[in-house]
Amino acid sequence: MIPLLIYVAIFVLSYYLFTKVIHHAARNDYTSLKTVTFGDESAVRPNRTASVISILTLFLLWGMFTGSSLLPKFLHMPGPFEGTATFEYTAQTPDGQRDTATVTVLVHPVDEEVTEPEVDPGDGWAKNDSATIGTWRSGLIRVDRNDDIGRDEGAEVVAVNGKPIAPGGSVETEFGRVGMSPKGTLNFEPAKGWQMEPIWLPAPEAVAARVVEIAREGFRGSTLWEHLGYSLFRVVVGFFFGALVGIPLGYAMGLSDWFRGWFDPIVEFMRPVPPLALIPLVIIWAGIGETGKIILLFLAALWIMAIAARSGVSGVKISKVHAAYSLGASKPQIMRHVIIPNSLPEIFTGARVAMGVCWGTVVAAELVAAEKGAGMMIMVASKFQNTDIVIMGIILIGIIGFGIDMLMRWAERILVPWKGKG
Amino acid sequence: MSGLAIEKISMRFDLPGGGSVQALKDVTLHLKEGELMSVLGPSGCGKTTLLNIVAGFLAPTEGQIVMNGHTVQGPDAERGMVFQQGALFEWMSVRENVGFGPRMKGMPKMDMAETVDHLLDVVGLQDFKEKAVYELSGGMQQRVALARCLANDPDVILMDEPLGALDALTREKMQSLVLKLWKETGKTIILITHSVEEALLLGERLLVMAPRPGRIHREYRLPFADLGVGQDLREVKKHPDYAKTREEILAMIWDMEEEIMGRTEGAGA
Ligand SMILES: Nc1ncnc2c1ncn2[C@@H]1O[C@H](COP(=O)(O)OP(=O)(O)OP(=O)(O)O)[C@@H](O)[C@H]1O
Ligand SMILES: [Mg+2]
């Protein structure tokens, strides 16, 4: 809830700052001369300042809530309590005698070895206690075990820091919460603060360090590049064969009624089946090796490419075909010079979609079963609670997916500049 | 026999929901080589259908087209077509578009380049040779379409509202260009238009068609096309017969439109 509020606050603040205050400085291109911009989609260009602030904000929030060392301390959210905590408990014997003693708890980072602090037993029959608890953890403290009159003799704890407590209840202290189990044992939970524990969300620098470490030493017997390379390789090969079969199939469906009739039911049926749903079947048939993955990606790309090629053919303006015929072109020439170039933009759009789907599918397939690959890496890491590796993997998968899309768009701009110009 | 003969063409479209539309009925027409005929008529009277049949894109339900002594079976390079717009190949440059026909025929590269250069000169697009067609204005695109058609050296050029999408000024320039090309190349041309003025100015012969079923209503022989060659078309419009013929044809088409409206209203009531 609090991260969301901070996020919205930054959004609103930077919006006002950049559009109302700074905006008036520059911009005198054609778009800025338009007076009607609200509702004119073409006047909406992504504001790059907003993009930069948006990304910085995400990292800022990430750093704030993980106590990142990249951020100055004052930006950190309150961290978990660490150090020496104390609270008092009051015990009562069956015949009504009361005595109070102090509990000293050393709250330490989980990965640190510490010894229990020495405490003076103090006066009275209830003796002072000491314990150690890791940050973000909690621990049972048998305060009565060193008392002269313990639980076995009928004494029970009735108050903490002077506030009454009963089995199942709890008392808030300045260092954290003291609860009581149904059997009457005290349970101390040091204040957690607002930061995330590294096993849920590691700090950005921890993830970065993990990237460096895995890039250098590898993960599960393969280097990081091998893992990513395997995933990419599967996508490229699967997509290649999918396109190799799908495009001619789509052309045939666009040009012959027999082909259209024959393959329509198959394509239309397979199209809505998510490739992920095929994973189990492919594993049964082809195992978890490369063949199975490539078959899966082939199937994922096949229908998309077939449909793209088919609509590329049906999208050709009849007047262009007529014009070509009356200019003396033969059928193969029309195919080569009219139908194929005319369908290329559609095929590129299809290829972009197919690449995206393949990338998603390969990661998912590797999550299920694989020996190498980006998905396998995060799956195995998650089993060992290596959240930093999981986050690293997700970020790398995102970056690669984005990179593939940018590459396809770039290729599209270079290879089919006439897209949308017919 | 040289020239183009349209012999007793009838065309009936069967509608998917049953019933049919008689788009053309018994259209007979002979064009001599080098004649320019413009075709006028209310919307839906079958002009496009007729042109598509002549081009060979549609087979008529009855009748036949005879060209240079043989029956038309399908599209062919001897009958070139200029469409209203959007029929250029946007994946090719201006030069490649114009050179498309010769290239399909396998003309040697040198001859092809020469033909293309010559035609680009004729239509005044030499400077735009390497441009993509979508970078050109509508008028320029139609000039490319004309040049592309001429590059193939067809005997007959069929035009379906080639200037329909252009603004008045560009249109006037293109009309002069069409006349000039017609005189210089001596092609037989059929030109469909919605503009009575254009039909008068360009048509050596002018055909007025009537709808339901589509048929030839009346034919004129006009002197304006010859007068207009190499002259300002606005001068031609001052010819005493021009205004008179224009009024006559306008009234004729107006009557037909009224009749259609009346008939559909009657049917609706
Ligand atoms: N493919 C078709 N299927 C059914 N009817 C058709 C088809 N093509 C044309 N028609 C009908 O034939 C008639 C003539 O159409 P056509 O397109 O030739 O008219 P047109 O004179 O070119 O009209 P416009 O001036 O509006 O272009 C119309 O009534 C039309 O509805
Ligand atoms: Mg028409």
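Computed from a predicted structure; not experimentally measured.

So, the domain arrangement of chain B
All names here are of chain B. We note that the domain assignment places domain 1 (1-44 + 54-78 + 155-240) and domain 2 (88-153) within chain B. Between domain 1 and domain 2, the contact holds 14 residues from the first and eleven residues from the second. Between domain 1 and domain 2, the buried area comes to about 1000 Å², and carbon and sulfur atoms account for 74% of it. Taken together, the links from domain 1 to domain 2 amount to one salt bridge. Notably, a salt bridge pairs K187 with D153, separated by 2.3 Å at the nearest N-O pair. The interface formed by domain 1 and domain 2 includes two residue pairs in polar contact (both at pLDDT 80 or more). Of all elements in the fold, only β7 (156-160) and α6 (168-185) reach the threshold of two or more residues within the side of domain 1 that touches domain 2. Of the residues contributing to the side of domain 1 that touches domain 2, the split by class is nine nonpolar, two polar and three charged.

Brief notes about the site of ligand 1
Residue and element names in this part refer to chain B. Lining the immediate surroundings of ligand 1 are 13 residues, of which S43, K47, T48, T49 and H194 lie closest. Contacts to ligand 1 include G46, whose backbone N or O atom sits 3.0 Å from an oxygen atom. Within the side chain of T49, a nitrogen or oxygen atom sits 2.5 Å from an oxygen atom of ligand 1. When ligand 1 sits alone it has 630 Å² of accessible area, and the protein chains cover 62% of it. Here the element with the most residues in the shell around ligand 1 is helix α1 (residues 47-55); it accounts for three residues. A breakdown of the residues in the shell around ligand 1 according to their chemical character gives five nonpolar, six polar and two charged.

Digging into the UniProt feature "transmembrane region" (unreviewed entry) in chain A
All names here are of chain A. Residues annotated by UniProt as "transmembrane region" (unreviewed entry) correspond here to residues 50-71, 232-252, 272-288, 295-313, 347-368 and 389-411. Between the end C-alpha atoms of residues 232-252 the distance is 30 Å, and the span holds 100% helix and 0% strand. Taken end to end, residues 295-313 has its terminal C-alpha atoms 26 Å apart, with 100% of it in helix and 0% in strand.

Things to note about the sheet that holds strand β4 (residues 139-141) of chain A
Residues and elements named next belong to chain A. Here we have four strands laid out as an open sheet, ordered β4-β9-β8-β7, and antiparallel in their pairing. Lying at the two open borders of the sheet, with one neighbouring strand each, are β4 and β7 (170-173). Within this sheet the neighbouring strands show an average axis-to-axis angle of 25°, counted without direction. Pairing between strand β8 (residues 176-180) and strand β9 (residues 186-190): five bridges, direction antiparallel. Bridge pairing in β9 places G176 opposite P190.

Section: the interface of chain B and chain A
The interface of chain B with chain A comprises 24 residues on the first partner and 20 residues on the second. Each partner contributes to the roughly 2000 Å² buried at the junction of chain B and chain A, and carbon and sulfur atoms together form 67% of this total. Connecting chain B to chain A are one salt bridge. Where chain B touches chain A, the interface holds six residue pairs in polar contact (both at pLDDT 80 or more). Counting only elements with at least two residues in the side of chain B that touches chain A, the list comes to β6 (79-82), α3 (100-105) and α5 (138-151) of chain B. Ranked by residues supplied to the side of chain B that touches chain A, first place goes to α3(B) with four residues. The class makeup of the residues in the side of chain B that touches chain A is 14 nonpolar, five polar and five charged.

Re the UniProt feature "domain: ABC transmembrane type-1" (unreviewed entry) in chain A
Residues annotated in UniProt with the feature "domain: ABC transmembrane type-1" (unreviewed entry) correspond here to residues 228-408 of chain A. Secondary structure over residues 228-408 of chain A splits into 87% helix and 0% strand, and the C-alpha atoms at its two ends are 19 Å apart.

Details of the packing of helix α10 (residues 331-368) of chain A against helix α12 (residues 387-415) of chain A
Residues and elements named next belong to chain A. At a minimum axis distance of 10 Å, the contact between α10 and α12 shows a crossing angle of 165°. With respect to each other, α10 and α12 are oriented roughly antiparallel. Read as a crossing pair, α10 and α12 show a hand that is right-handed. Together, P345, F348, T349, A351, R352, M355, W359 and V363 of α10 and I397, I400, G401, I404, D405, M408, R409, A411, E412 and L415 of α12 make up the contact between the two elements. Here the residues of the contact of α10 with α12 are counted per class, giving twelve nonpolar, two polar and four charged.

Brief notes about the pairing of strand β4 (residues 62-67) of chain B
All names here are of chain B. Sheet topology places strand β1 (residues 4-14) next to β4; five bridges connect them, and they run antiparallel. In the strand pairing of β4, A5 is matched with V66. Relative to strand β5 (residues 70-71), β4 runs antiparallel, the two sharing two bridges. Bridge pairing in β5 links V66 to T71.

Some details on the packing of aromatic side chains
Residues and elements named next belong to chain A. Taken as a whole and assessed by the stated rule, the structure comprises ten aromatic pairs over all chains. Aromatic side chains F59 and W62 sit 5.6 Å apart centroid to centroid with 35° between the ring planes, which places their arrangement in the tilted category. Here the residue F59 and the residue W62 both occupy positions in helix α3 (residues 48-64), the gap between them amounting to three residues, near one helical turn. A relative accessible area of 44% means that F59 is categorised as partly exposed. Here W62 falls in the buried class, since its relative accessible area comes to 14%.

Cut-offs and rules
Residues numbered from 1 in each chain as written. Chains lettered and ligands numbered in written order. Predicted model: local features only at pLDDT ≥ 70, side-chain atom pairs only at ≥ 80, totals over all residues. Heavy atoms only, no water. Domains from an automatic or database assignment. Contact = heavy atoms within 4.5 Å. Buried area = accessible area lost by both parts, 1.4 Å probe. Salt bridge = Lys/Arg side-chain N within 4 Å of Asp/Glu carboxyl O. Polar contact = N/O pair within 3.5 Å; in protein donor to acceptor, adjacent residues only side chain to side chain. Helix = DSSP H or I, 4+ residues; strand = E, 2+ residues; numbered from the N terminus. Nonpolar A, V, L, I, M, F, W, Y, C, P; charged D, E, K, R; others polar. Near = heavy atom within 4 Å. Areas by Shrake-Rupley, 256 points an atom, 1.4 Å probe, with all protein chains shown as cover. UniProt positions renumbered as here; feature names shortened; annotations may be inferred. Pairing = 2+ DSSP bridges. Axes fitted to C-alpha atoms, helices over the stretch in contact; angles between N-to-C directions. Parallel < 35°, antiparallel > 145°, perpendicular 65-115°, else oblique. Left-handed = near helix turned anticlockwise from the far one by under 90°. Phe/Tyr/Trp six-rings, centres within 6.5 Å; stacked < 30°, edge-to-face > 60°. Buried < 20%, exposed > 50% of the residue type's maximum accessible area, 1.4 Å probe, protein only.

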